[in-house]
Amino acid sequence: MRKHTLTVTSQRQLTDTVFELELEAPQFEGFTPGQFAFLDLGGSYSLARPFSIADGSKGMCTIVYKRVGAGTEAMTSLQPGAKLTGMLPLGTGFEIYHLSTETRVVLVGGGVGIPPLFALAKVLRGRGIDVCVVIGFATTSERFYEARFVELGCDVRVYTNDGSYGRRGLVIDGVAALLQEDAHDVLYTCGPHGMMKAVQALWKKEGYAALEGRMACGIGACLSCVQPLHDGDSKRICCDGPAFALQEVAL
Ligand SMILES: Cc1cc2nc3c(=O)[nH]c(=O)nc-3n(C[C@H](O)[C@H](O)[C@H](O)COP(=O)(O)OP(=O)(O)OC[C@H]3O[C@@H](n4cnc5c(N)ncnc54)[C@H](O)[C@@H]3O)c2cc1C
Ligand code: FES
C-alpha cells in the first residue's frame with residue numbers, strides 16, 4: 001500500500017448514476033480482487049472515499065462508482081488530466097489461491113458490488129476456471145458490465161426486479177436456482193447488505209463476501225469500520241477485509 005498521485009485518463013457514464021473512472025497510477029503494481037482504492041477528493045472532503053478496484057494492471061486502475069452523495073457527485077466532473085491522490089491497493093482481497101480448474105465458481109452481485117466481482121472473474125478466467133455470474137439490477141436501464149463478463153467467457157445470468165430484462169426477480173432467486181442445480185462449489189458475493197445477508201442464509205457451502213461498510217482511516221487505525229463476527233469477535237473491514245469468509249460475519 002502506498003499513497004499515489006493519480007491522473008484521470010477517462011471517465012465514462014455507464015447508466016444514469018453509475019460511472020467508470022480510469023486512473024493512471026505509475027507506482028501501482030497490481031492487486032488481489034476485493035482490494036480497494038481510497039481516493040482523496042481534496043477540497044472540502046476531509047475523508048477519503050473507498051472504491052473497489054474493478055480492473056487494473058501495472059500503472060493503471062479502474063473503479064466503477066455510483067453517484068450517491070456529495071463526494072461521488074464531485075467525482076462525476078473529473079475530466080481526463082485531472083489529478084487526485086489515493087492509497088491503493090488497500091485491504092485483504094478474496095481468498096482464491098486454492099481454486100483449481102476443477103472448481104466450479106459462482107459470483108453473485110448487485111449494484112456497485114459488481115465491480116470487484118468483475119476483477120475476480122478476470123483473474124479466474126485467466127486461470128482457466130469456469131465462472132457463473134448472477135447479477136441483479138432494479139430495472140434494465142441500470143444494467144452495466146454484463147457484456148464485459150460475457151467477453152470473459154462467463155455464464156452470465158441477469159435478474160431485474162421488474163422483469164424488464166433477463167429473469168424477473170432478485171439475485172437471491174438466482175442463488176436458489178443454483179442450489180437446485182447443485183453444480184457449483186464456491187461462491188463469492190458483493191452487493192447491498194440485505195442481498196448478502198440473504199445469500200449467507202441460503203448458501204452453506206464454501207463462500208466469501210466483500211463488505212462495503214463506512215470507513216474513516218482505511219488502514220486499521222480508527223476502528224470506524226468494525227464488523228461483528230458470529231463467534232462474538234470482530235474485525236476491521238478496511239484491513240482484515242473487505243473480503244471475509246461468508247459464514248464468518250454477522251450480517
Ligand atoms: C471497501 C469498500 C468498497 C466500495 N466499493 C465501491 C464501489 O466499487 N463503487 C461504489 O460506487 N461504491 C463503493 N463503495 C461505497 C462508496 O465508498 C460510497 O458510496 C462513497 O464513499 C459515498 O461517498 P459520497 O460522498 O458520495 O456519499 P456520502 O455523502 O458520504 O453519503 C451519501 C449517502 O450514501 C450512503 N453511503 C455512503 N457510503 C456508503 C457505504 N460505504 N455503503 C453504503 N452506503 C453508503 C450514506 O449513508 C448516504 O446515505 C465502497 C465502500 C467500501 C467500504
Ligand atoms: S476505517 Fe479506520 S480502522 Fe477501518
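The notes below deal with the structure included here. Everything numeric here is computed off the predicted structure, so don't read it as measured data. (Residues numbered from 1 in each chain as written. Chains lettered and ligands numbered in written order. Predicted model: local features only at pLDDT ≥ 70, side-chain atom pairs only at ≥ 80, totals over all residues.)

1. A short note on the overall build of the protein chain
The condition is simple: Secondary structure elements are defined from DSSP: runs of H or I of at least 4 residues count as helices, runs of E of at least 2 residues count as strands, and each element is numbered from the N terminus. Radius of gyration: over C-alpha atoms. The globule rule applied is 2.2 Å multiplied by the number of residues raised to the 0.38 power. The contact criterion used here is simple: two residues whose C-beta atoms, placed from the backbone, lie within 7 Å are in contact.
Looking only at helices and strands, the protein chain features five helices and 16 strands. The C-alpha radius of gyration computed for the protein chain amounts to 17 Å, which stays within 12% of the reference 18 Å derived for 251 residues, consistent with globular compactness. Here the analysis covers contacts within the protein chain between residues at least 6 apart in sequence; of these, 63% occur between residues at least 24 apart.

2. Points about the pairing of strand E7 (residues 83-90)
Every other side chain in a regular strand lies on the same face of the sheet, so the side chains alternate between the two faces. Basically, it comes down to this: Pairs of strands are assigned from DSSP output, requiring at least two bridges between the strands.
One ladder, built from six bridges, connects strand E1 (residues 2-13) with E7; its direction is antiparallel. Opposite arginine 2, over in E7, you have leucine 88 as the bridge partner. With four bridges connecting them, strand E3 (residues 36-40) and E7 associate as antiparallel partners. Across the sheet, residue phenylalanine 38 finds its bridge partner in E7, namely methionine 87.

3. What to know about the nonpolar core
This is how it is decided: For this entry, the nonpolar core is defined as buried Ala, Val, Leu, Ile, Met, Phe, Trp, Tyr and Cys residues connected by C-beta atoms within 7 Å. Counting other C-beta atoms within 10 Å of its own, a residue is labelled buried from 20 upward, exposed at 12 or fewer, and partly exposed in the gap between, with every C-beta atom placed from the backbone.
Core analysis: the largest hydrophobic core is formed by 72 residues, its most contacted members being Leu107, Ala121 and Val133. Considering every element that reaches this core, the biggest residue donor is helix H2 (residues 114-126), with seven residues. Those residues in contact with leucine 107 that lie beyond four places of it in its chain are Leu117, Leu120, Ala121, Val131, Val133 and Tyr188.

4. Thoughts on the sheet that holds strand E13 (residues 206-210)
The condition is simple: Here an angle of 0 to 180 degrees is reported between the N-to-C directions of two axes, which are lines fitted to C-alpha atoms, with helices fitted over the stretch in contact.
The mixed open sheet is built from seven strands, whose spatial order is E11-E10-E9-E8-E12-E13-E16. Strands with a single pairing partner mark the edges of an open sheet, and in this sheet they are strand E11 (167-168) and strand E16 (243-245). The pairing of E13 with E16 spans three bridges and is antiparallel. Along E16, the bridge assignment pairs alanine 209 with phenylalanine 244. Of the strands in this sheet, strand E8 (105-110), strand E9 (131-137) and strand E10 (155-160) touch helix H4 (residues 171-181), which is tilted by about 150° from E9.

5. Quick look at the site of ligand 1
Filter applied, for reference: Here, nearness is defined through the C-beta atom: a residue counts as near a molecule or strand if that backbone-placed atom lies within 6 Å of it. As a working rule, the residues Ala, Val, Leu, Ile, Met, Phe, Trp, Tyr, Cys and Pro are called nonpolar, Asp, Glu, Lys and Arg charged, and the rest polar, with Gly in that last group.
Within the structure, ligand 1 sits among 21 residues, and Ser52, Gly69, Gly71, Thr72 and Val112 are positioned closest to it. Going through the elements one at a time, strand E4 (49-52), strand E6 (60-66) and helix H1 (70-75) are the ones with two or more residues in the shell around ligand 1. In terms of residue class, the shell around ligand 1 is built from 12 nonpolar, five polar and four charged.

6. Structural notes on unusual backbone geometry
Cis peptide bonds are those with omega within 30 degrees of zero, and the linkage from leucine 88 to proline 89 qualifies with -10°. Examined against the element boundaries, proline 89 turns out to sit in strand E7. Residue proline 242 is reached from glycine 241 by a cis peptide bond, and omega for that bond is 15°. Along the chain, proline 242 turns up in the loop between strand E15 (234-236) and E16. Even without being glycine, aspartate 182 reaches a positive phi, approximately 50°. Relative to the helices and strands, aspartate 182 resides in the loop between H4 and strand E12 (186-190). Judged by the 9 C-beta atoms lying within 10 Å of it, aspartate 182 is exposed. Not every positive phi belongs to a glycine, and leucine 223 is a case in point at roughly 65°.

7. Notes on the sheet that holds E4
Strand order in the open sheet made by the seven strands is E4-E3-E7-E1-E2-E6-E5, with antiparallel pairing throughout. In this open sheet, the two strands that pair with only one neighbour each are E4 and strand E5 (55-57). With direction set aside, neighbouring strand axes in the sheet form an average angle of 35°. The sheet contact formed by E5 and E6 spans three bridges and is antiparallel.

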